[in-house]
Amino acid sequence: MLTQDKKDQKQINWKPIIKKFVAVLGEKGVVQRKEELLTYECDGLTSYRQRPPVAVLPRTTEQVAEVVKICNQYSVPFIARGSGTGLSGGALPSENSVLIVTSLMRQILSIDLENQRAVVQPGVINSWVTQAVSGAGFYFAPDPSSQIICSIGGNIAENSGGVHCLKYGVTTNHVLGLKLVLPDGSIVNVGGQIPETPGYDLTGVFVGSEGTLGIATEITLKILKSAESICVLLADFTSVEAAAATVSDIISAGIIPGGMEMMDNISINAVEDVVATNCYPRDATAILLVEIDGLDIEVSANKQRVTEICKQNGARNVTTASDPETRLKLWKGRKAAFAAAGHISPDYYVQDGVIPRTQLTYVLKEIERLSQKYGYSIANVFHAGDGNLHPLILFDNSIHGELEKVEELGGEILKLCVKVGGSISGEHGIGADKKCYMPDMFSEADLETMQWVRQVFNPQGLANPGKIFPTPRTCGEAAKASIQSFPGVERF
């Protein structure tokens, strides 16, 4: 376990910096006590922890800008943090950094139903947007499994997805404009209220930049009209291969479901143990959840066709639900799958690779082979429609050396995804966890080009340092390197 380097810690005199923070935010807006700072020492990737020297809690764009200006004046790194639900260490503090927490910036600033727009602060919880407009027949499409707690600012940083990203796209497809605080403290607006604006697509550049280009303080979102009809189908299979083949066959038939998710037997039983939906057959090797939405006549025709495809591929049963209560019940287990895994294993390590749909059968077989090779059970629950895998590697972190082995296994899965033409991340981001695998996917020229963009926005490297990009000093082989750029970070 690594301990903090006391010598390095003394390099910054925090007293004048904190005094200026207090002048901007007040005493309650600055967190200094060590026991209170424990809250912010990690995000959803709890394996790595670094307690920040100080955390600040701004409420307005102007306060964020003043805080960043102070950081820039003293050349102090800063990291933006929302709800802390990220799974790649994106909000992990670096040593001698300021954590800028946006959780108090939770106002829905305006709603324009006529033009299908909503402007929100970054601390607004994802599900609040839909709650605010659902009475008028609208909703916000991106719906990560953590949507009842994850914030829009974090969704922007990681370009989050969700079960409905197959048909409706990830966060970037639903962001029209941003008010940004750049790393020098200046405030700029990119994008706007309309889908297409002249010039470079700086909104698209910023979404998914993981806090390395600045902080979004106001976000203009696109909201959608709710579908006339929605139907959810649950099909259970005796083989993962049959379920995977069904996914490809549904898309090949010209049907684009609102969402299409797969869960294996481990996930099914974990969910039933915890949530008790009584909908998922415990003896199924795999299940598919397929949501079809649109006009009544379209949904009716597609429901019949999807049922036929499932049966042709060997589905034992196909259950359909059109009423909201039953549909919610069918989705409840999928939404709770990550939490349920925590009840069957002391710890789990989740990865986020993407593969072509046609490679599902091969890759799932390879994941099972790797599971047996390393000796760890792997629960598979994922966005099958767009090939976004979420293998949950079950292990016991209290056993010395287990985490390193599990990270190595996770790295093998990511390399497998790249090998078949996929990606090392679909929606969780790169953060601190996967940056050493970037060279497996991108050439040196590719990575250098990305760094040019980062340098334009963030020339001093103060905004979320040590994330996304590998360096020769910090990235050796596999997952061991993911910790080395964070002196003082403790491995748990």
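Residues numbered from 1 in each chain as written. Predicted model: local features only at pLDDT ≥ 70, side-chain atom pairs only at ≥ 80, totals over all residues. Heavy atoms only, no water.

**Looking at the confidence of the model for the protein chain**
Stage number 1. Considering every residue of the protein chain, the mean pLDDT works out to 93; 94% of them sit at 70 or more.
Stage number 2. Within the model, the stretch residues 1-9 combines pLDDT values under 50 with 17 contacts to residues more than four positions away or in other chains. (pLDDT = per-residue confidence, 0-100. Contact = heavy atoms within 4.5 Å.)

**Some points on the side chain of Glu210**
Stage number 1. Structurally, Glu210 is set in the loop between α8 (202-206) and β11 (215-222).
Stage number 2. Within the buried core, Glu210 has no salt-bridge partner, and the shortest N-O distance to an opposite charge, that of Lys467, equals 7.6 Å. (Helix = DSSP H or I, 4+ residues; strand = E, 2+ residues; numbered from the N terminus. Buried < 20%, exposed > 50% of the residue type's maximum accessible area, 1.4 Å probe, protein only. Lys, Arg positive; Asp, Glu negative; His and termini not counted. Salt bridge = Lys/Arg side-chain N within 4 Å of Asp/Glu carboxyl O.)

**What about the pairing of strand β13 (residues 229-237)?**
Stage number 1. Counting buried residues along β13, 8 of its 9 residues qualify, which places the element largely inside the surrounding structure.
Stage number 2. Here 9 bridges tie β13 to strand β15 (residues 286-294), and the two strands are oriented antiparallel to one another. Note on β15: the bridge partner recorded for Ala235 is Leu288.
Stage number 3. Of the strand pairs in this sheet, β13 and strand β16 (residues 317-321) are connected by 5 bridges, and their pairing is antiparallel. Residue pairing for β16: Ala235 is matched across the bridge by Val318. (Pairing = 2+ DSSP bridges.)

**Regarding helix α11 (residues 296-312)**
Stage number 1. A rise of 1.5 Å per residue sets the reference length of α11, with its 17 residues, at 24 Å; its end C-alpha atoms lie 25 Å apart and thus fit the reference within 8%.
Stage number 2. Among the residues of α11, those classed as buried are Val299, Asn302, Val306, Ile309 and Cys310. All buried residues of α11 project into a common sector of 95° when viewed along the axis, lining one side. Across from the buried face of α11, at angles greater than 90 degrees, the exposed residues are Ile297, Gln304 and Gln312.
Stage number 3. Packed against the buried residues of α11 are β13, α9 (240-252), β15 and β16. (Expected span 1.5 Å × (residues − 1). Arc of directions from axis to C-beta.)

**Quick word on the pattern of salt bridges**
Stage number 1. A full pass over the atoms with the stated rule returns 13 salt bridges.
Stage number 2. Of the charged contacts, one joins Arg33 and Glu35 as a salt bridge, the two residues approaching to 2.6 Å between their closest N and O atoms.
Stage number 3. Owing to a relative accessible area of 47%, Glu35 belongs among the partly exposed residues under this scheme.
Stage number 4. Close ionic contact of Lys69 with Glu66 constitutes a salt bridge, the shortest N to O distance being 3.6 Å. Here Glu66 and Lys69 lie together in helix α4 (residues 61-74), a separation of 3 residues that amounts to about one turn.
Stage number 5. Since its relative accessible area comes to 40%, Lys69 is described here as partly exposed.

**Considerations on the sheet that holds strand β14 (residues 259-264)**
Stage number 1. Read across the open sheet, the 7 strands follow the order β16-β13-β15-β14-β18-β19-β17; overall the sheet is antiparallel. What marks the edges here is a single partner per strand, and that holds for β16 and β17 (347-350). Neighbour-to-neighbour, the strand axes of this sheet turn through a mean angle of 20°, independent of strand direction.
Stage number 2. Packing of helix α12 (residues 324-335) onto the sheet brings it into contact with β13, β14, β15, β16 and β18 (378-382), and relative to β13 it is tilted by some 50°.
Stage number 3. Contacting β14 and β18, helix α14 (residues 360-374) runs over the sheet at an angle of about 155° to β18. (Axes fitted to C-alpha atoms, helices over the stretch in contact; angles between N-to-C directions.)

**Considering the packing of α9 against α14**
Two packed helices can be described by the angle between their axes and the distance between those axes.
Stage number 1. Put simply, α9 and α14 touch, their axes get as near as 9 Å, and they point 150° apart. Here α9 is positioned roughly antiparallel relative to α14, judged by the angle of their axes. Handedness of the α9/α14 crossing: right-handed. Two secondary-structure elements touch here, α9 through Val240, Glu241, Ala244, Ala245 and Val247 and α14 through Leu360, Thr361, Leu364 and Lys365. (Parallel < 35°, antiparallel > 145°, perpendicular 65-115°, else oblique. Left-handed = near helix turned anticlockwise from the far one by under 90°.)

**Some words on the packing of α14 against helix α15 (residues 402-419)**
Stage number 1. Where α14 contacts α15, the two axes come as close as 11 Å, and the packing angle between them is 160°. The angle between α14 and α15 places the two elements in the roughly antiparallel class. Crossing of α14 against α15: the hand is right-handed. Two secondary-structure elements touch here, α14 through Tyr362, Val363, Glu366, Ile367, Leu370 and Tyr374 and α15 through Lys405, Glu408, Leu409, Glu412, Ile413, Leu416 and Lys419.
Stage number 2. Partitioning the contact of α14 with α15 into residue classes produces 8 nonpolar, no polar and 5 charged. (Nonpolar A, V, L, I, M, F, W, Y, C, P; charged D, E, K, R; others polar.)

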